Amino acid sequence: MANMKKTLPIRQPKYQKIAADIASKIVAGHYVVGEKIYARSSLASQYGVSAETARRAVAVLQDLDIVVATKGSGVMITSFEKAAQFVHSYEDVQSVQEMQNDLLNSLARQREELLAFEDTMTQLIERTERFRSINPFVPFQIAITNETPYIDESLQTMNFWQNTEATIVGIKSSDGLLLSPGPYATFKEGDMIYFIGNETCYERVKNFLYKN
(Lines give C-alpha, C1' and ligand atoms only; values in the text may rest on other atoms or scores of the structure.)
Protein backbone atom coordinates (compact mmCIF):
# COMPACT_ATOMS: atom_id res chain seq x y z
CA MET A 1 0.00 0.00 0.00
CA ALA A 2 1.29 3.47 -0.82
CA ASN A 3 2.71 5.52 2.04
CA MET A 4 0.32 8.07 3.47
CA LYS A 5 1.36 11.56 4.49
CA LYS A 6 0.67 11.99 8.18
CA THR A 7 -1.94 14.57 9.05
CA LEU A 8 -0.40 17.09 11.43
CA PRO A 9 -2.81 18.25 14.13
CA ILE A 10 -3.41 21.95 14.49
CA ARG A 11 -2.13 23.19 17.87
CA GLN A 12 -1.95 26.51 19.62
CA PRO A 13 1.17 27.86 21.36
CA LYS A 14 1.47 27.08 25.06
CA TYR A 15 1.60 30.76 25.99
CA GLN A 16 -1.82 31.32 24.38
CA LYS A 17 -3.26 28.41 26.36
CA ILE A 18 -1.80 29.83 29.56
CA ALA A 19 -3.19 33.29 28.79
CA ALA A 20 -6.62 31.78 28.09
CA ASP A 21 -6.48 29.79 31.33
CA ILE A 22 -5.70 32.91 33.38
CA ALA A 23 -8.51 34.80 31.61
CA SER A 24 -10.88 31.91 32.36
CA LYS A 25 -10.00 32.12 36.05
CA ILE A 26 -10.79 35.84 35.97
CA VAL A 27 -14.19 35.14 34.39
CA ALA A 28 -14.83 32.36 36.91
CA GLY A 29 -14.12 34.72 39.81
CA HIS A 30 -10.90 33.12 41.01
CA TYR A 31 -9.19 36.44 40.33
CA VAL A 32 -10.85 39.85 40.64
CA VAL A 33 -10.08 43.24 39.15
CA GLY A 34 -7.34 44.95 41.14
CA GLU A 35 -5.89 41.70 42.42
CA LYS A 36 -2.25 40.87 41.81
CA ILE A 37 -1.45 37.41 40.51
CA TYR A 38 1.78 35.50 40.34
CA ALA A 39 4.93 37.03 39.00
CA ARG A 40 6.11 35.65 35.67
CA SER A 41 8.61 33.32 37.35
CA SER A 42 5.85 31.90 39.52
CA LEU A 43 3.60 31.44 36.49
CA ALA A 44 6.40 29.54 34.73
CA SER A 45 6.69 27.20 37.71
CA GLN A 46 2.91 26.81 38.10
CA TYR A 47 2.37 25.83 34.43
CA GLY A 48 5.63 23.94 34.03
CA VAL A 49 6.94 26.14 31.23
CA SER A 50 9.94 28.34 30.61
CA ALA A 51 10.12 31.91 31.90
CA GLU A 52 9.95 33.12 28.29
CA THR A 53 6.70 31.24 27.70
CA ALA A 54 5.23 32.74 30.87
CA ARG A 55 6.38 36.22 29.76
CA ARG A 56 4.62 35.77 26.42
CA ALA A 57 1.40 34.67 28.14
CA VAL A 58 1.43 37.81 30.28
CA ALA A 59 2.24 39.90 27.19
CA VAL A 60 -0.87 38.55 25.46
CA LEU A 61 -3.05 39.50 28.43
CA GLN A 62 -1.41 42.91 28.64
CA ASP A 63 -1.91 43.57 24.90
CA LEU A 64 -5.61 42.82 25.40
CA ASP A 65 -5.82 45.22 28.41
CA ILE A 66 -6.73 42.37 30.71
CA VAL A 67 -3.74 42.88 33.02
CA VAL A 68 -1.01 45.38 33.70
CA ALA A 69 2.48 44.06 34.29
CA THR A 70 4.80 46.34 36.20
CA LYS A 71 8.43 45.53 36.76
CA GLY A 72 8.90 44.77 40.43
CA SER A 73 5.18 44.90 41.16
CA GLY A 74 3.94 41.73 39.49
CA VAL A 75 0.83 41.36 37.35
CA MET A 76 -2.46 43.06 38.25
CA ILE A 77 -5.95 42.27 36.89
CA THR A 78 -7.51 45.32 35.22
CA SER A 79 -10.59 44.16 33.23
CA PHE A 80 -13.18 41.44 33.71
CA GLU A 81 -14.95 42.36 30.45
CA LYS A 82 -11.80 42.09 28.34
CA ALA A 83 -11.04 38.73 29.94
CA ALA A 84 -14.53 37.48 29.04
CA GLN A 85 -14.14 38.67 25.43
CA PHE A 86 -10.80 36.88 25.15
CA VAL A 87 -12.19 33.63 26.58
CA HIS A 88 -15.11 33.64 24.13
CA SER A 89 -12.83 34.37 21.18
CA TYR A 90 -10.39 31.67 22.26
CA GLU A 91 -13.18 29.09 22.59
CA ASP A 92 -14.43 29.97 19.10
CA VAL A 93 -10.91 29.48 17.67
CA GLN A 94 -10.59 26.18 19.51
CA SER A 95 -13.91 24.97 18.08
CA VAL A 96 -12.85 25.85 14.53
CA GLN A 97 -9.50 24.14 14.99
CA GLU A 98 -11.13 21.04 16.46
CA MET A 99 -13.45 20.87 13.46
CA GLN A 100 -10.48 21.28 11.13
CA ASN A 101 -8.65 18.48 12.91
CA ASP A 102 -11.73 16.24 12.77
CA LEU A 103 -12.12 16.97 9.05
CA LEU A 104 -8.45 16.28 8.30
CA ASN A 105 -8.55 13.04 10.31
CA SER A 106 -11.73 11.99 8.53
CA LEU A 107 -10.17 12.65 5.12
CA ALA A 108 -7.07 10.69 6.12
CA ARG A 109 -9.22 7.73 7.19
CA GLN A 110 -11.17 7.88 3.93
CA ARG A 111 -7.94 7.88 1.90
CA GLU A 112 -6.65 4.88 3.85
CA GLU A 113 -9.95 3.03 3.36
CA LEU A 114 -9.93 3.86 -0.37
CA LEU A 115 -6.38 2.58 -0.77
CA ALA A 116 -7.27 -0.59 1.13
CA PHE A 117 -10.35 -1.05 -1.08
CA GLU A 118 -8.33 -0.53 -4.27
CA ASP A 119 -5.73 -3.03 -3.08
CA THR A 120 -8.42 -5.60 -2.26
CA MET A 121 -10.14 -5.07 -5.61
CA THR A 122 -6.84 -5.50 -7.46
CA GLN A 123 -6.20 -8.79 -5.68
CA LEU A 124 -9.75 -9.93 -6.33
CA ILE A 125 -9.54 -9.15 -10.05
CA GLU A 126 -6.20 -10.92 -10.37
CA ARG A 127 -7.47 -14.01 -8.56
CA THR A 128 -10.76 -13.98 -10.50
CA GLU A 129 -8.92 -13.88 -13.83
CA ARG A 130 -6.66 -16.77 -12.78
CA PHE A 131 -9.64 -18.72 -11.48
CA ARG A 132 -11.70 -18.08 -14.61
CA SER A 133 -8.97 -19.62 -16.74
CA ILE A 134 -9.22 -22.92 -14.87
CA ASN A 135 -12.87 -22.88 -13.78
CA PRO A 136 -15.58 -22.57 -16.44
CA PHE A 137 -18.23 -21.90 -13.82
CA VAL A 138 -17.01 -18.45 -12.87
CA PRO A 139 -20.02 -16.34 -13.94
CA PHE A 140 -20.13 -13.87 -16.79
CA GLN A 141 -21.72 -10.50 -16.15
CA ILE A 142 -23.60 -7.95 -18.20
CA ALA A 143 -25.25 -4.65 -17.31
CA ILE A 144 -28.93 -3.94 -17.90
CA THR A 145 -29.61 -0.64 -19.68
CA ASN A 146 -32.77 0.95 -21.04
CA GLU A 147 -31.84 -0.37 -24.49
CA THR A 148 -33.17 -3.82 -23.69
CA PRO A 149 -36.88 -4.48 -24.25
CA TYR A 150 -37.02 -6.82 -21.23
CA ILE A 151 -37.02 -4.32 -18.37
CA ASP A 152 -39.63 -5.30 -15.74
CA GLU A 153 -40.32 -8.58 -17.56
CA SER A 154 -39.88 -11.81 -15.58
CA LEU A 155 -37.30 -14.44 -16.51
CA GLN A 156 -40.11 -16.90 -17.06
CA THR A 157 -42.01 -14.62 -19.43
CA MET A 158 -38.98 -13.78 -21.55
CA ASN A 159 -37.92 -17.47 -21.65
CA PHE A 160 -34.40 -16.42 -20.71
CA TRP A 161 -32.86 -19.88 -20.44
CA GLN A 162 -34.61 -21.21 -23.55
CA ASN A 163 -33.32 -18.28 -25.60
CA THR A 164 -29.77 -18.15 -24.26
CA GLU A 165 -28.98 -21.54 -22.64
CA ALA A 166 -27.46 -19.48 -19.82
CA THR A 167 -28.34 -19.82 -16.14
CA ILE A 168 -28.63 -16.63 -14.10
CA VAL A 169 -26.95 -17.07 -10.71
CA GLY A 170 -27.33 -13.54 -9.39
CA ILE A 171 -28.82 -10.10 -10.00
CA LYS A 172 -27.12 -7.10 -8.43
CA SER A 173 -29.28 -4.00 -7.99
CA SER A 174 -29.27 -0.88 -5.83
CA ASP A 175 -31.01 -3.00 -3.16
CA GLY A 176 -28.21 -5.57 -3.02
CA LEU A 177 -27.30 -8.89 -4.60
CA LEU A 178 -30.05 -11.44 -5.25
CA LEU A 179 -28.58 -14.93 -5.51
CA SER A 180 -30.27 -17.75 -7.47
CA PRO A 181 -33.22 -15.62 -8.60
CA GLY A 182 -36.38 -17.54 -9.34
CA PRO A 183 -38.45 -17.46 -12.53
CA TYR A 184 -40.39 -14.39 -11.36
CA ALA A 185 -37.31 -12.21 -10.97
CA THR A 186 -37.23 -9.14 -13.23
CA PHE A 187 -34.58 -6.85 -14.68
CA LYS A 188 -34.34 -3.17 -13.72
CA GLU A 189 -32.32 -0.50 -15.45
CA GLY A 190 -28.91 -0.34 -13.78
CA ASP A 191 -28.94 -4.02 -12.68
CA MET A 192 -25.92 -6.24 -13.20
CA ILE A 193 -26.73 -9.86 -13.97
CA TYR A 194 -24.38 -12.78 -13.44
CA PHE A 195 -24.80 -15.98 -15.41
CA ILE A 196 -22.99 -19.19 -16.29
CA GLY A 197 -22.84 -21.29 -19.41
CA ASN A 198 -20.45 -22.44 -22.10
CA GLU A 199 -17.90 -20.23 -23.86
CA THR A 200 -20.47 -18.86 -26.33
CA CYS A 201 -23.25 -18.00 -23.90
CA TYR A 202 -22.07 -14.44 -23.31
CA GLU A 203 -22.66 -13.54 -26.95
CA ARG A 204 -26.05 -15.24 -26.90
CA VAL A 205 -27.12 -13.32 -23.78
CA LYS A 206 -25.84 -10.06 -25.23
CA ASN A 207 -27.64 -10.61 -28.53
CA PHE A 208 -30.83 -11.65 -26.75
CA LEU A 209 -30.91 -8.61 -24.45
CA TYR A 210 -29.76 -6.09 -27.01
CA LYS A 211 -31.08 -7.23 -30.36
CA ASN A 212 -29.66 -5.37 -33.34
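So, how was this worked out
- Residues numbered from 1 in each chain as written.
- Predicted model: local features only at pLDDT ≥ 70, side-chain atom pairs only at ≥ 80, totals over all residues.
- Heavy atoms only, no water.
- Phe/Tyr/Trp six-rings, centres within 6.5 Å; stacked < 30°, edge-to-face > 60°.
- Helix = DSSP H or I, 4+ residues; strand = E, 2+ residues; numbered from the N terminus.
- Buried < 20%, exposed > 50% of the residue type's maximum accessible area, 1.4 Å probe, protein only.
- Core = buried A, V, L, I, M, F, W, Y, C linked by side-chain atoms within 4.5 Å.
- Contact = heavy atoms within 4.5 Å.
- Salt bridge = Lys/Arg side-chain N within 4 Å of Asp/Glu carboxyl O.

Visitor: Talk me through the packing of aromatic side chains; I want residue IDs and the actual numbers.
Guide: Under the counting rule described, the total for this entry stands at 6 aromatic pairs. Ring geometry for Phe160 against Phe208: centres 6.0 Å apart, planes inclined by 80°, an arrangement best described as edge-to-face. Taken as a pair, Phe160 in helix α6 (residues 160-164) and Phe208 in helix α7 (residues 201-209) lie far apart in primary sequence, 48 residues in all. For Phe160, a relative accessible area of 3% puts it in the buried group. Exposure remark for Phe208: the relative accessible area of 7% places this residue in the buried category. Seen in terms of ring centroids, Phe195 and Tyr202 are 6.3 Å apart; in terms of plane orientation they differ by 15°. Their pairing is stacked. Ring pairs connect the aromatic residues Tyr150, Phe160, Phe187 and Phe208, which therefore count as one cluster.

Visitor: Would you mind going over the nonpolar core in detail, with residue names and values included?
Guide: Grouped together as the largest cluster of nonpolar side chains are 24 residues, with contacts concentrated most on Ile22, Ile26, Leu61, Ile66 and Phe86. Mapped by element, the contributors of at least two residues to this core are α1 (14-27), α2 (40-47), α3 (51-63), β2 (67-70), β3 (74-77) and α4 (80-134). Among the elements that line this core, the one with the most residues is α1, at 6 residues. Those residues within four positions of Leu61 in sequence are excluded, and the remaining contacts are Ala19, Ile22, Ala23, Ile66, Val67 and Phe86. Among the nonpolar cores identified, the runner-up in size contains 18 residues, and Ile144, Ile168, Phe187 and Phe195 belong to it.

Visitor: Can you lay out the pattern of salt bridges for me, pointing to particular residues and giving the numbers?
Guide: This structure, assessed with the given rule, holds 6 salt bridges. Between Asp65 and Lys82 there is a salt bridge, with its nearest N and O atoms 3.7 Å apart. Taken as a pair, Asp65 in the loop between α3 and β2 and Lys82 in helix α4 lie far apart in primary sequence, 17 residues in all. Under the relative-accessibility criterion, Asp65 is labelled partly exposed at 45%. Assessed through its relative accessible area of 31%, Lys82 is described here as partly exposed. Salt bridges sharing partners connect three or more residues here, namely Glu52, Arg55 and Arg56.

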